[in-house]
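Spelled out from the first residue to the last, the chains are:
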Amino acid sequence: MTEVRVWAVTSTTPTEEDAQKIARTVVAERLAAGAEVTGPAMSVYWHDDELGEGQEWRVTLKTSAAVRDQLADRIVELHPWSGGAEVVASPIEWAIEHYVEWVEKFTAAKE
């Protein structure tokens, strides 16, 4: 089995500005090599035992295995939904080596 070196970490936010703030902050801090903000998307969800719906913005961050968990913690810190932030990650099971090296270079653990 091949080791996963790159991850796509995703969160949703209530506003485009919130998503952009997360994207800019974590890329500047080198917790992600790059970010994409998309939306709005219509979401249907359970909240406080009630069915709800509304618009959300998605931020998708490309990161290395070395800092994935630090990135998740930082998203929670920056997110406007205290304690309720969605943070999920999917392994990038295959990518060209040049891309993998780029992600790892710009998310290198600080010494």
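Calculation notes
- Numbering of residues begins from 1 in every chain and follows the order in which that chain's sequence is written.
- A pLDDT threshold of at least 70 governs which residues receive local features in this predicted model, and a stricter bar of 80 or more applies before side-chain atom pairs are shown or counted, although totals over entire chains, interfaces and linings include all residues.
- Here the side-chain values reflect all heavy atoms present in the structure, with hydrogen atoms and water set aside.
- Throughout this description, the term nonpolar core refers to a set of buried Ala, Val, Leu, Ile, Met, Phe, Trp, Tyr and Cys residues connected via side-chain atoms within 4.5 Å.
- Any residue under 20% of the maximum accessible area for its type is buried, any over 50% is exposed, and the rest in between are partly exposed; the area is computed with a 1.4 Å probe on protein chains only.
- In DSSP terms, a helix is any run of H or I states spanning at least four residues, a strand is any run of E spanning at least two, and both are numbered starting from the N terminus.
- For this analysis, residues touch if any pair of their heavy atoms sits within 4.5 Å.
- Each patch is built from residues lacking any salt bridge and having more than 30% relative accessible area; the joining distance is 9 Å for like charges and 5 Å for nonpolar side chains (Val, Leu, Ile, Met, Phe, Trp, Tyr).
- Each accessible area is a Shrake-Rupley result for a 1.4 Å probe, and residues are judged covered by the shown protein chains and nothing else.
- A pair is scored as a salt bridge if a Lys or Arg side-chain nitrogen falls within 4 Å of a carboxyl oxygen belonging to Asp or Glu.
- Each Phe, Tyr or Trp ring, with Trp reduced to its six-membered ring, pairs with another whose centre is within 6.5 Å; inter-plane angles below 30 degrees give stacked pairs, above 60 give edge-to-face pairs, and intermediate values give tilted ones.
- By the convention used here, strands pair only if DSSP detects at least 2 bridges between them.
- To get an axis, a line is fitted to the C-alpha atoms, and for a helix only the part in contact is used. The angle between two axes follows their N-to-C directions and goes from 0 to 180 degrees.

Trainee: Describe the nonpolar core, listing the residues and the values that go with them.
Mentor: Core analysis: the biggest nonpolar cluster contains 15 residues, and Val26, Val59, Leu61, Leu71 and Ile75 have the highest contact counts within it. Of all elements in the fold, only β1 (6-13), α1 (16-28), β3 (50-64) and α2 (68-78) reach the threshold of two or more residues within this core. In terms of residue count, α1 provides more of this core than any other element does, 4 residues in total. Beyond its immediate stretch of four places on either side in the chain, Val59 contacts Val9, Thr10, Ser11, Ala19, Ile22, Ala23, Ala35, Glu36 and Val37.

Trainee: Can you tell me about a nonpolar patch on the surface, naming the residues and giving the values?
Mentor: Residues Met42, Val44, Trp46 and Leu51 make up a contiguous nonpolar surface patch of about 520 Å² in total accessible area. Sort the elements by how many residues they give to the nonpolar patch and strand β2 (residues 34-47) lands first, with 3 residues. Of note, Trp46 is situated in strand β2. Residue class for Trp46 comes out exposed when judged on its relative accessible area of 66%.

Trainee: Which residues make up the packing of aromatic side chains, and what values go with them?
Mentor: For any two aromatic rings, the description comes down to two numbers: the centre-to-centre distance and the angle of the planes. Here the structure, examined in full by the defined rule, presents 2 aromatic pairs. Seen in terms of ring centroids, Tyr99 and Trp102 are 5.6 Å apart; in terms of plane orientation they differ by 35 degrees. Their pairing is tilted. Residue Tyr99 and its partner Trp102 are both found in helix α3 (residues 97-106); the two are separated by 3 residues, about one turn of the helix. Residue classification places Trp102 among the partly exposed positions, given a relative accessible area of 32%. Taking 6.3 Å as the distance between ring centres and 55 degrees as the angle between the ring planes, the aromatic pair formed by Trp102 and Phe106 counts as tilted.

Trainee: Could you give an account of the pairing of β2, with specific residues and numbers?
Mentor: As paired elements, β2 and β3 share 12 bridges and run antiparallel to each other. In the sheet register, Ala41 faces β3, and the bridge partner there is Glu56. In this antiparallel pair of consecutive strands, β2 and β3, the connection spans 2 residues, and Asp48 shows a positive phi of 50 degrees.

Trainee: Account for the sheet that holds strand β4 (residues 88-92), with residues named and values stated.
Mentor: Across the sheet, which stays open at both edges, the 4 strands sit in the order β2-β3-β1-β4 with antiparallel pairing between neighbours. In this open sheet, the two edge strands, each paired with only one partner strand, are β2 and β4. On average, each strand axis in the sheet is tilted by 30 degrees relative to the strand beside it, whichever way the strands run. Sitting on the sheet, α1 touches β1, β2 and β3, and the angle it makes with β3 is about 20 degrees. Strands in contact with α3 are β1, β2 and β3; relative to β3, the strand with the most contacts, it is inclined by about 100 degrees.

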